[in-house]
Amino acid sequence: MTSKDDLRNAMRMLRRRLRRTAPEGGKLAARILAEQRLPIRASLLHRPVAATYMSVNGEMDTHFLRALVRVRRWREALPAAVAIDAPLAFREHRRGAALAADACGIPAPPASARMLTPELLFAPLLAFDRQGGRLGQGGGHYDRAIAALRDQGQVYVIGMGYAGQEVDEIPVEPHDQRLDAILTETEFIPVAT
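Predicted model, so just to flag it, every value in this text is computed and none were measured.

(A) Representation of the overall build of the protein within the structure. If you tally the helices and strands in the protein, you get four helices and 11 strands. Compactness check: the protein gives a C-alpha radius of gyration of 16 Å against a globular reference of 16 Å for 193 residues, within 12% of the reference. Along the longest, intermediate and shortest principal axes, the C-alpha atoms of the protein span 45 × 35 × 35 Å. Within the protein, the fraction of its 193 residues that count as buried is 50%. Averaged over its 27 positive side-chain charges, the protein has a centre that lies 8 Å from the centre of its 22 negative ones.

Here you go:
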């Protein structure tokens, strides 16, 4: 089994290459997602909160995913790293609202934005396996955030990446949080629980 650090280094390069060779990946993934029945409740009185993210460093473009969230009339939250070793905060984001760099330098809603609790969370990844293993950047932000959300109640977590980021097995540690599903430009992969 490859170490997480070795796998991260290889997958960062691969992800950048995939983004260049498959620039329509985000659009295709959003189309696939639009056809899925997700285990979240939506009604006229209840607009679910979907936490998306701003794509950086070769991550699949989330522009179309975020547009789908708006079309479905779900409330959108974006993650904000408030400290290097803290769980992510999820803040409301409205189309066109100003963003500012968070503690990790990623565009996020400012501290004055309303805090929201996501029922649906999209997580970027460097690699994934079909057992729901997710390899992130290594800071643990998403693992801490997902653990905290799961402690509070129900959250459905979808890892988003290119099909080429799939590996046979992610080295999983006790603190690692598994995905409920994976969304790529070619398929939606529910993880059996």
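There's more to say after this.
(B) Expanded view of the pattern of salt bridges. In total, this model carries nine salt bridges according to the counting rule given. The shortest N-O distance in the salt bridge between Glu187 and Arg130 comes to 2.6 Å. One end of the pair, Glu187, is in the loop between β10 (181–183) and β11 (188–190); the other, Arg130, is in the loop between β7 (127–128) and β8 (134–135), with 57 residues separating them in the sequence. Judged by relative accessible area, Arg130 falls into the partly exposed class, the value being 36%. What emerges from the salt-bridge pattern is a single network uniting Lys4, Glu173 and Asp176.

(C) Seen up close, the pairing of strand β9 (residues 156–160). With five of its five residues buried, β9 lies for the most part within the structure. Alternating positions in β9 separate into two faces, Tyr156, Ile158 and Met160 on one and Val157 and Gly159 on the other, with burial throughout. By the bridge criterion, five bridges tie strand β6 (residues 120–124) to β9 in an arrangement that is parallel. The residue bridging Leu120 from the neighbouring strand is Tyr156, located in β9. Pairing analysis gives three bridges linking β9 to β10, with the strands arranged parallel.

(D) Representation of helix α2 (residues 25–34). When α2 is considered as a whole, its buried residues turn out to be Gly25, Gly26, Ala29, Ala30, Ile32 and Leu33. In an axial view of α2, the angular spread of the buried residues amounts to 160°, which keeps them on one side of the axis. Of the surrounding elements, those touching the buried residues of α2 are α3 (63–71), β6, β9, β10 and β11.

(E) Here's a closer look at the nonpolar core. Counting residues in hydrophobic clusters, the biggest one holds 51 residues, and the most contacted among them are Leu33, Leu38, Leu120, Leu121, Ile158, Leu183 and Phe188. When near neighbours in sequence (up to four residues on either side) are disregarded, Phe188 contacts Ile32, Leu33, Gln36, Leu38, Tyr156, Ile158, Ala181, Ile182 and Leu183.

(F) Layout of the sheet that holds strand β1 (residues 49–51). The seven strands lie next to each other as β3-β2-β1-β6-β9-β10-β11, forming an open sheet whose pairing is mixed. Two strands lie at the open edges of the sheet, namely β3 (89–92) and β11, each paired on one side alone. Taking each pair of neighbouring strands and ignoring which way they run, the sheet shows an average axis angle of 25°. With four bridges connecting them, strand β2 (residues 75–80) and β3 associate as antiparallel partners. Counterpart to Ala77 in the pairing with β3 is Glu92. Helix-sheet contacts for α2 involve β6, β9, β10 and β11, and the interaxial angle to β10 is about 135°.

(G) Structural view of the packing of α2 against α3. Running from amino to carboxyl end, α2 crosses α3 at an angle of 30°, the nearest separation of the two axes being 7 Å. Of the residues in α3, those in contact with Gly26, Lys27, Ala30, Leu33 and Ala34 of α2 are Phe64, Leu65 and Leu68. A breakdown of the residues in the contact of α2 with α3 according to their chemical character gives six nonpolar, one polar and one charged.

(H) The pairing of β6, seen in detail. For β6, a buried count of five out of five residues is recorded, marking the element as mostly surrounded by other parts of the structure. Burial of β6 is two-sided: the residues Leu120, Phe122 and Pro124 facing one way and the residues Leu121 and Ala123 facing the other way are all buried. Sheet topology places β1 next to β6; two bridges connect them, and they run parallel. Residue pairing in the sheet places Ala50 in a bridge with Leu120 of β6.

Reading the values: the criteria
Residues numbered from 1 in each chain as written. Predicted model: local features only at pLDDT ≥ 70, side-chain atom pairs only at ≥ 80, totals over all residues. Heavy atoms only, no water. Helix = DSSP H or I, 4+ residues; strand = E, 2+ residues; numbered from the N terminus. Rg over C-alpha atoms; globule rule 2.2 N^0.38 Å. Buried < 20%, exposed > 50% of the residue type's maximum accessible area, 1.4 Å probe, protein only. Lys, Arg positive; Asp, Glu negative; His and termini not counted. Charge placed at Lys NZ, Arg CZ, Asp CG, Glu CD. Salt bridge = Lys/Arg side-chain N within 4 Å of Asp/Glu carboxyl O. Pairing = 2+ DSSP bridges. Arc of directions from axis to C-beta. Contact = heavy atoms within 4.5 Å. Core = buried A, V, L, I, M, F, W, Y, C linked by side-chain atoms within 4.5 Å. Axes fitted to C-alpha atoms, helices over the stretch in contact; angles between N-to-C directions. Nonpolar A, V, L, I, M, F, W, Y, C, P; charged D, E, K, R; others polar.

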